[in-house]
Amino acid sequence: MDYETIQTLHNFLPPFSPYVSTSLLPFIALVLLSSTFALAFYFSTLPKTAPVRELGVALLASVLGGFGVVALFCSVGVYV
């Protein structure tokens with residue numbers, strides 16, 4: 001492909017539109033990060049004799065925290 005072909009394609013393709021509206025990102029970040037902190041508190045109250053439950057709670061909190069941080073960054077304009 002030459003430059004003119006790529007430039008023509010670029011001019012006629014529709015602009016990118018995200019699946020999740022950027023106006024919803026602060027609320028998504030709030031929900032995910034609040035859930036992470038709640039699960040961290042719950043994790044700290046679990047008895048040490050339930051390693052499977054501890055692992056499940058820790059994994060869920062980690063995943064929610066990861067997505068929450070990405071949503072928070074995107075809501076302030078740092079698109080990762």
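Bear in mind that the values here come from a model prediction, so they are computed numbers and not experimental data.

**Thoughts on the nonpolar core**
The biggest cluster of nonpolar side chains holds 6 residues, and these are Leu32, Leu39, Leu46, Val57, Ala61 and Leu64. For this core, the secondary-structure elements that each account for two or more residues are helix H2 (25-45) and helix H3 (51-75). When residues in this core are grouped by element, the largest group, 3 residues, is from H3. If we skip the residues at most four places from it in the chain, Ala61 touches Thr36 and Leu39.

**Considerations on the pattern of salt bridges**
Across all of its chains, the model carries 1 salt bridge by this definition. When the shortest N-O distance is used, the salt bridge between Lys48 and Glu54 registers 3.9 Å.

**Comments concerning H3**
The terminal C-alpha atoms of H3 lie 36 Å apart, and with 25 residues this matches the ideal 36 Å at 1.5 Å per residue to within 8%. Along H3, the residues that are buried comprise Glu54, Val57, Ala61, Leu64, Gly65, Gly68, Ala71 and Cys74. Elements in contact with the buried residues of H3: H2. Note on H3: the residue one or two positions beyond its end, Gly77, has a positive phi of about 100 degrees.

**Considering the UniProt feature "transmembrane region" (unreviewed entry) in the protein**
UniProt marks residues 24-43 and 55-79 with the feature "transmembrane region" (unreviewed entry), using the numbering shown here. Helix makes up 95% of residues 24-43 and strand makes up 0%, while its end C-alpha atoms are separated by 28 Å. Span residues 55-79 is 84% helix and 0% strand, its end C-alpha atoms 30 Å apart.

**A word on the layout of surface pockets**
Of the pockets and cavities examined, the largest pocket occupies roughly 160 Å³. Lining the largest pocket, in full, are Phe16, Pro18, Val20, Thr22, Leu25, Ile28, Leu32, Phe67, Val70, Ala71, Cys74 and Tyr79. Of all the secondary-structure elements, those providing two or more residues to the lining of the largest pocket are H2 and H3. Ranked by residue count, the leading element in the lining of the largest pocket is H3, at 4 residues.

Definitions and limits used
Residues numbered from 1 in each chain as written. Predicted model: local features only at pLDDT ≥ 70, side-chain atom pairs only at ≥ 80, totals over all residues. Heavy atoms only, no water. Core = buried A, V, L, I, M, F, W, Y, C linked by side-chain atoms within 4.5 Å. Buried < 20%, exposed > 50% of the residue type's maximum accessible area, 1.4 Å probe, protein only. Helix = DSSP H or I, 4+ residues; strand = E, 2+ residues; numbered from the N terminus. Contact = heavy atoms within 4.5 Å. Salt bridge = Lys/Arg side-chain N within 4 Å of Asp/Glu carboxyl O. Expected span 1.5 Å × (residues − 1). UniProt positions renumbered as here; feature names shortened; annotations may be inferred. 1 Å grid on protein atoms, 1.4 Å probe; cavity = no way out; pocket = protein on both sides within 12 Å on 5 of 7 lines; lining within 4 Å. Points joined across faces, edges and corners; volume = space filled by probe spheres on them.

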